[in-house]
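Residue-level structure breakdown
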Amino acid sequence: IARAIAEGGAGTICGMANVACGLVQAMINGPGAEARMTAATAVVASHSFVPALKAILAAQTGDAGWLRVRAPLRPWSDGAALKAQLDAAMRLAAA
């Protein structure tokens, strides 16, 4: 994201903006957040991306409606655990 902005890009269309909007904003503001984005993306990408993203959104918002996915995808059962992994990854990468 930071590289695209440096080349004149205006922003991004990014699934991670749904669960880590502050991190995406930091990437737009400069290259210093790249390690945190890499860590955050690794957490989500280590699972089926859409169900994992939706499970994290459900945990963040308290709205179980986010857990619904369409076949052949299967819902992720523990969004709170994924959210905790995401939060931990972003904290560790920032340290």
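Residues numbered from 1 in each chain as written. Predicted model: local features only at pLDDT ≥ 70, side-chain atom pairs only at ≥ 80, totals over all residues. Heavy atoms only, no water.

The next subject is the environment of Leu-82. With respect to the secondary-structure elements, Leu-82 resides in helix α5 (residues 79-94). By relative accessible area, Leu-82 is classed as buried at 2%. Expressed as a C-alpha distance, the spacing of Leu-82 and Cys-14, which sit 68 residues apart in the sequence, is 19 Å. Not counting the four nearest positions on each side in its chain, Leu-82 is found in contact with Val-43, His-47, Ala-52, Ala-55, Ile-56 and Trp-76. (Helix = DSSP H or I, 4+ residues; strand = E, 2+ residues; numbered from the N terminus. Buried < 20%, exposed > 50% of the residue type's maximum accessible area, 1.4 Å probe, protein only. Contact = heavy atoms within 4.5 Å.)

This brings us to a nonpolar patch on the surface. There is a patch of nonpolar side chains on the surface, built from Phe-49, Val-50 and Leu-73 and spanning about 220 Å² of accessible area. We classify Phe-49 as partly exposed; its relative accessible area is 34%. (Patch = residues over 30% accessible without salt bridge, like charges linked within 9 Å, V, L, I, M, F, W, Y side chains within 5 Å. Areas by Shrake-Rupley, 256 points an atom, 1.4 Å probe, with all protein chains shown as cover. Salt bridge = Lys/Arg side-chain N within 4 Å of Asp/Glu carboxyl O.)

Residue Pro-72 is reached from Ala-71 by a cis peptide bond, and omega for that bond is 10 degrees. Here Pro-72 lies in the loop between α4 (49-61) and α5.

Quick reminder: α-helices carry 3.6 residues per turn. Residues three or four places apart thus point the same way. Over its 13 residues, α4 runs 18 Å from end to end, which matches the ideal 18 Å to within 8%, given 1.5 Å per residue. Pro-51, Ala-52, Leu-53, Ala-55, Ile-56, Leu-57 and Ala-58 are the residues of α4 that are buried. Of the residues one or two after α4, Gly-62 is the one with positive phi, at around 75 degrees. (Expected span 1.5 Å × (residues − 1).)

Time to look at the nonpolar core. Within soluble globular proteins, side chains that are nonpolar tend to cluster in buried spots. Counting residues in each nonpolar core, the largest one holds 21 residues, and the members touching the most others are Met-16, Val-19, Leu-23 and Leu-86. Of all the elements in the fold, those that place two or more residues in this core are α2 (21-29), α3 (34-45), α4 and α5. Ignoring sequence-local partners within four residues, the contact set of Met-16 consists of Cys-21, Val-24, Met-37, Ala-40, Thr-41, Val-44, Phe-49 and Leu-86. (Core = buried A, V, L, I, M, F, W, Y, C linked by side-chain atoms within 4.5 Å.)

This brings us to the confidence of the model for the protein. When pLDDT is averaged along the protein, the result is 89; 97% of the residues meet or exceed 70. Within the protein, α4 carries the highest mean pLDDT (94), whereas helix α1 (residues 2-6) carries the lowest (83). (pLDDT = per-residue confidence, 0-100.)

All right, on to the pattern of salt bridges then. Scanning the model with the defined rule gives 1 salt bridge in all. Of the charged contacts in the structure, one is a salt bridge between Lys-83 and Asp-87, with a shortest N-O distance of 2.8 Å. Here Lys-83 and its partner Asp-87 are both found in helix α5, 4 residues apart, which amounts to about one turn of the helix. Judged by relative accessible area, Asp-87 falls into the partly exposed class, the value being 23%.

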